[in-house]
Amino acid sequence: MNIQDAYTNWSASYDSERNLTRDLDQTVTRDSLANLRYQSILELGCGTGKNTAFLARIGAQVHALDFSTGMLAQARAKRPAAHVNFKQADITQPWPCANQSVDLIVCNLVLEHIQELSFIFSEAARVLMPGGRMFICELHPFRQYQGCQANFQHGPDTVAIPAFTHHISEFIDTAARHGLKLQTLREWWHQTDQNKAPRLVSFLFEK
């Protein structure tokens, strides 16, 4: 099953099934961005809108992209705010955004499904205003080294969604090549993760 079909199949149960990584990601995003305010936010891979309503509280305008019709349907049904605009888009293709048009990009649990990071950071540098920021939260590569990846139950089967491992240095170096400087790097554990490798890693870059 390809990535797009997998997320569409997962969309109906994504919010209701037990998922510690999803829950921790929500906490991390709020902890990292709660005290900030932005004019225009671009959310890459909004999924079911698990973070979109929060972003609508800190942004005057939110543009939420996803390439899964099922995920977008779930997100739209939540009706987070009038100033949120949902659009279907493949972020491995040119983004539907004007140059220097947003001051925050948010990308959660998406880049593990992107094979090449260079285009993502190139587009980020293009659409960010000078001084704009990019917040990324991803499954920690340490977990990937141990064989972890996004998966869900589809009937009696467990479906593992195709994923690619990106080392921490790859995020930092690729961003730097496109003019995005690392401001903050943090590792995160769920409260059930005692004596385990960190579950998530987050980055805040600035143009």
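Since the structure is predicted, the reported quantities are computational estimates derived from the model, not experimental observations.

Cut-off values and rules
- Residues numbered from 1 in each chain as written.
- Predicted model: local features only at pLDDT ≥ 70, side-chain atom pairs only at ≥ 80, totals over all residues.
- Heavy atoms only, no water.
- Helix = DSSP H or I, 4+ residues; strand = E, 2+ residues; numbered from the N terminus.
- Rg over C-alpha atoms; globule rule 2.2 N^0.38 Å.
- Buried < 20%, exposed > 50% of the residue type's maximum accessible area, 1.4 Å probe, protein only.
- Contact = heavy atoms within 4.5 Å.
- Areas by Shrake-Rupley, 256 points an atom, 1.4 Å probe, with all protein chains shown as cover.
- Lys, Arg positive; Asp, Glu negative; His and termini not counted.
- Charge placed at Lys NZ, Arg CZ, Asp CG, Glu CD.
- Pairing = 2+ DSSP bridges.
- Axes fitted to C-alpha atoms, helices over the stretch in contact; angles between N-to-C directions.
- Arc of directions from axis to C-beta.
- Core = buried A, V, L, I, M, F, W, Y, C linked by side-chain atoms within 4.5 Å.
- Phe/Tyr/Trp six-rings, centres within 6.5 Å; stacked < 30°, edge-to-face > 60°.
- Salt bridge = Lys/Arg side-chain N within 4 Å of Asp/Glu carboxyl O.

Caption draft 1: Quick look at the overall build of the chain. If you tally the helices and strands in the chain, you get seven helices and nine strands. The globule rule puts the C-alpha radius of gyration for 207 residues at 17 Å, and the 16 Å found for the chain is close to it. In terms of overall dimensions, the chain has a C-alpha envelope of 50 × 35 × 30 Å along the principal axes. With 207 residues in all, the chain has 49% of them scored as buried. Long-range contacts, defined here as pairs at least 24 residues apart, represent 67% of the contacts in the chain between residues at least 6 apart. Accessible area for the chain stands at about 9,600 Å²; split by element, carbon and sulfur atoms hold 47% of it. The chain carries 19 positive and 20 negative side-chain charges, and their two centres are separated by 7 Å.

Caption draft 2: Spotlight on the sheet that holds strand 2 (residues 59-66). Strand order across the open sheet formed by seven strands is 3-2-1-4-5-9-8, with mixed pairing between neighbours. Strands at the two margins of the open sheet, each flanked by one partner only, are strand 3 (84-88) and strand 8 (181-188). Here the average twist between neighbouring strands, direction ignored, is 15°. As judged from the five bridges shared by strand 2 and strand 3, these two strands associate in the parallel manner. From the neighbouring strand, L65 faces strand 3, where its bridge partner is K87.

Caption draft 3: Region of the structure containing helix 7 (residues 168-177). Taken together, the buried positions of helix 7 are occupied by I168, F171, T174 and A175. Considered in projection along helix 7, the buried side chains sweep an arc of 145° and stay on one side of the axis. In this structure, the buried residues of helix 7 make contact with helix 5 (118-127), strand 5 (128-139), helix 6 (141-145), strand 8 and strand 9 (200-206).

Caption draft 4: Molecular detail of the nonpolar core. Among the nonpolar cores identified, the biggest contains 33 residues, and W10, L33, I41, L55 and I58 are the most heavily contacted of them. Discounting residues that sit within four places of it in the chain, L33 has contacts with F54, L55, I58, L104, V106 and F135.

Caption draft 5: Structural context of the packing of aromatic side chains. On inspection of all chains with the given rule, the structure shows four aromatic pairs. With a centroid separation of 4.8 Å and an interplanar angle of 35°, the aromatic rings of F171 and F203 are classed as tilted. Residue F171 is located in helix 7, and its partner F203 is located in strand 9; the two are separated by 32 residues in the primary sequence. When sorted by exposure, F171 lands in the same class as F203, which is buried. Pairwise contacts between aromatic rings join F121, F171, F203 and F205 into one cluster.

Caption draft 6: Fine view of the pattern of salt bridges. Counted under the stated rule, the structure contains six salt bridges. For D193, the salt bridge goes to R143, with nearest N and O atoms at 3.3 Å. One end of the pair, D193, is in the loop between strand 8 and strand 9; the other, R143, is in helix 6, and 50 residues separate them in sequence. The exposure class of R143 is buried, given its relative accessible area of 8%.

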